[in-house]
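So you can see what is in the structure, the chains are spelled out below.
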Amino acid sequence: MNGTDKFFYITGWILLAGFALLAVLQGTGVLLLTDLGYACSFRTVTGYYCPGCGGTRAICSLAAGDLISCAREHAFVLYTAAGTAIYLVWNSISLIHKKLPAMHFHMFYIYIGIAIFMLQWIIKNIPLLIHAS
């Protein structure tokens, strides 16, 4: 593994530990992220959903194990979680079994994520655009 791959590998495990803690707190009812009580500034000003709209709900759905709701709320969250899980499992196995080559991070993964992010934003706003005209 090169330096960039080591960084993403370690960061991925740290984020996974944080997410596991979030899932436990959410599951036990200690932490409820379903209603944070503030309006989206972008939506207030423009009348349209912002690119990140649904991200918090998607993370809550993922923490509850509801993958369909997670994908519906914000597909980028599910893409990132799945990609990180595959990356971490593959590279963990690669470290244990030296014969398996490590998975390397590529900018192409970022481009796919940006495409999903933007497509999600456009699709969510189509009903609002149709209704406005």
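These remarks concern the structure in this document. Keep in mind that what you see is a predicted model, and the values were worked out from it rather than measured.

### Observations concerning the packing of aromatic side chains
Argument step 1. Counted under the stated rule, the structure contains 6 aromatic pairs.
Argument step 2. Where Phe 42 meets Trp 121, the ring centres are 6.3 Å apart and the plane angle is 65 degrees; that geometry is what we call edge-to-face. Of this pair, Phe 42 sits in helix H2 (residues 41-46) while Trp 121 sits in helix H6 (residues 107-132), and the two are 79 residues apart along the sequence.
Argument step 3. Given a relative accessible area of 24%, Trp 121 falls into the partly exposed group.
Argument step 4. Seen in terms of ring centroids, Phe 105 and Tyr 109 are 6.3 Å apart; in terms of plane orientation they differ by 65 degrees. Their pairing is edge-to-face.
Argument step 5. Site record: aromatic cluster; members linked through ring pairs are Phe 7, Phe 8, Phe 105 and Tyr 109.
Argument step 6. Looking at Arg 43, its charged tip hangs above the ring of Tyr 49, at a distance of 4.2 Å from the centre.

### Comments concerning the pattern of salt bridges
Argument step 1. Enumeration according to the criterion identifies 1 salt bridge in this entry.
Argument step 2. With a shortest N-O distance of 2.8 Å, Glu 73 and Arg 57 are connected by a salt bridge. Within this pair, whereas Glu 73 is found in helix H4 (residues 67-73), its partner Arg 57 is found in helix H3 (residues 55-63), the two being separated by 16 residues in sequence.

### Some words on the environment of Ile 110
Argument step 1. On the secondary structure map, Ile 110 appears in helix H6.
Argument step 2. Separated by 30 residues in the primary sequence, Ile 110 and Thr 80 place their C-alpha atoms 9.6 Å from one another.

### Some words on a nonpolar patch on the surface
Argument step 1. Nonpolar side chains collect at one region of the surface, where Met 107, Phe 108, Tyr 109, Ile 110, Tyr 111, Ile 114 and Met 118 lie side by side and expose about 690 Å² of accessible area between them.
Argument step 2. With respect to the element layout, Tyr 111 can be found in helix H6.

### Focus: H6
Argument step 1. Taking 1.5 Å of rise per residue, 26 residues should cover 38 Å, and H6 covers 37 Å from first to last C-alpha, within 8% of that figure.
Argument step 2. At Ile 126, H6 shows its largest bend, some 35 degrees, and a proline, Pro 127, comes one to four positions later.
Argument step 3. Of the residues making up H6, those classed as buried are Gly 113, Gln 120, Lys 124 and Asn 125.
Argument step 4. Tucked inside the fold, the buried residues of H6 contact H3, H4 and helix H5 (75-96).

Parameters at a glance
Residues numbered from 1 in each chain as written. Predicted model: local features only at pLDDT ≥ 70, side-chain atom pairs only at ≥ 80, totals over all residues. Heavy atoms only, no water. Phe/Tyr/Trp six-rings, centres within 6.5 Å; stacked < 30°, edge-to-face > 60°. Helix = DSSP H or I, 4+ residues; strand = E, 2+ residues; numbered from the N terminus. Buried < 20%, exposed > 50% of the residue type's maximum accessible area, 1.4 Å probe, protein only. Lys NZ or Arg CZ within 6 Å of the ring centre and 35° of its normal. Salt bridge = Lys/Arg side-chain N within 4 Å of Asp/Glu carboxyl O. Patch = residues over 30% accessible without salt bridge, like charges linked within 9 Å, V, L, I, M, F, W, Y side chains within 5 Å. Areas by Shrake-Rupley, 256 points an atom, 1.4 Å probe, with all protein chains shown as cover. Expected span 1.5 Å × (residues − 1). Bend = angle between axes of the 7 residues up to and from the residue. Contact = heavy atoms within 4.5 Å.

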